[in-house]
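Inside the fold
Now for the letters of each chain:
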Amino acid sequence: AMLLQPFVENAVKHGIAPLKSDGKITVSFTKQDKQLILTVADNGKGFDTSRDFEGLGLKLSKKRIALLNDVYKECPITLEIDSAPSNTTIRIILAQWL
C-alpha cells in the first residue's frame, strides 16, 4: 500500500505551494532498533492537527494503516503528526519490521 504518497502530496499542495518560494520537503527512512521510521517533513504553514478535514488523503491513510495493523498484528504501524506554524512532520513507524 502507498503509505508515503498522500503525505508527500499534502506537503506539496498544502505545505509549500502557498509559500511561492523557498519551500522544502524532506523524505527520510531511518532504522532504529527493529523499527523503520518513514518521515515526511515540510517548512509550510502547518495545520491544526486536532481538526477533522474534508479531504480524503489523511482519512484514507489512517484507514489503510488500521487495515495493515489488522493483517500484521505482530508488526504494528503507528502514525505521528506534528505541525507548527512553520513546519509539519509526519512519521510512520513500522515496529518490528527489521
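Since the structure is predicted, the reported quantities are computational estimates derived from the model, not experimental observations.

Cut-off values and rules
- Residues numbered from 1 in each chain as written.
- Predicted model: local features only at pLDDT ≥ 70, side-chain atom pairs only at ≥ 80, totals over all residues.
- Heavy atoms only, no water.
- Pairing = 2+ DSSP bridges.
- Helix = DSSP H or I, 4+ residues; strand = E, 2+ residues; numbered from the N terminus.
- Axes fitted to C-alpha atoms, helices over the stretch in contact; angles between N-to-C directions.
- Contact = heavy atoms within 4.5 Å.
- Buried < 20%, exposed > 50% of the residue type's maximum accessible area, 1.4 Å probe, protein only.
- Parallel < 35°, antiparallel > 145°, perpendicular 65-115°, else oblique.
- Left-handed = near helix turned anticlockwise from the far one by under 90°.
- Nonpolar A, V, L, I, M, F, W, Y, C, P; charged D, E, K, R; others polar.
- Patch = residues over 30% accessible without salt bridge, like charges linked within 9 Å, V, L, I, M, F, W, Y side chains within 5 Å.
- Areas by Shrake-Rupley, 256 points an atom, 1.4 Å probe, with all protein chains shown as cover.
- Salt bridge = Lys/Arg side-chain N within 4 Å of Asp/Glu carboxyl O.
- Expected span 1.5 Å × (residues − 1).
- Arc of directions from axis to C-beta.

**Some thoughts on the sheet that holds strand 2 (residues 35-42)**
The 4 strands are arranged 1-2-4-3 in an open sheet whose pairing can be described as antiparallel. Whereas interior strands pair on both sides, the edge strands pair on one side only; in this sheet they are strand 1 (25-32) and strand 3 (77-84). For this sheet the average axis-to-axis angle between neighbouring strands, irrespective of direction, equals 15 degrees. When strand 1 meets strand 2, the two strands line up antiparallel, connected through 8 bridges. Note that in strand 2 the partner of Thr26 across the bridge is Ala41. Contacting strand 1, strand 2, strand 3 and strand 4 (87-94), helix 1 (residues 5-16) crosses the sheet at an angle of about 20 degrees to strand 2.

**Description of the environment of Asp22**
Looking at the element boundaries, Asp22 is found in the loop between helix 1 and strand 1. On the accessibility criterion, Asp22 (68% relative accessible area) is exposed.

**Re the packing of helix 1 against helix 2 (residues 56-71)**
Taken N-terminus to C-terminus, the directions of helix 1 and helix 2 make an angle of 160 degrees; their axes are 9 Å apart at the nearest point. Judged by the angle between their axes, helix 1 and helix 2 are roughly antiparallel. Taken as a pair, helix 1 and helix 2 cross one another with a handedness that is left-handed. Here helix 1 contributes Pro6, Phe7 and Asn10 to the contact with helix 2, which in turn contributes Gly57, Leu58, Ser61 and Arg64. Residue composition of the contact of helix 1 with helix 2, grouped by class: 3 nonpolar, 3 polar and 1 charged.

**Quick word on a nonpolar patch on the surface**
On the surface, a cluster of nonpolar side chains totalling about 490 Å² of accessible area is made up of Leu67, Val71, Tyr72, Trp97 and Leu98. Relative to the helices and strands, Val71 resides in helix 2.

**Some remarks on helix 1**
If you check helix 1, its first and last C-alpha atoms are 16 Å apart, about what 12 residues at 1.5 Å a residue would give, namely 16 Å. Three or more residues of helix 1 are buried, namely Pro6, Phe7, Ala11 and Gly15. Viewed end-on, helix 1 has its buried residues packed into an arc of 140 degrees, placing them on one side of the element. If you follow the buried residues of helix 1, they end up packed against strand 1, strand 2, helix 2, strand 3 and strand 4.

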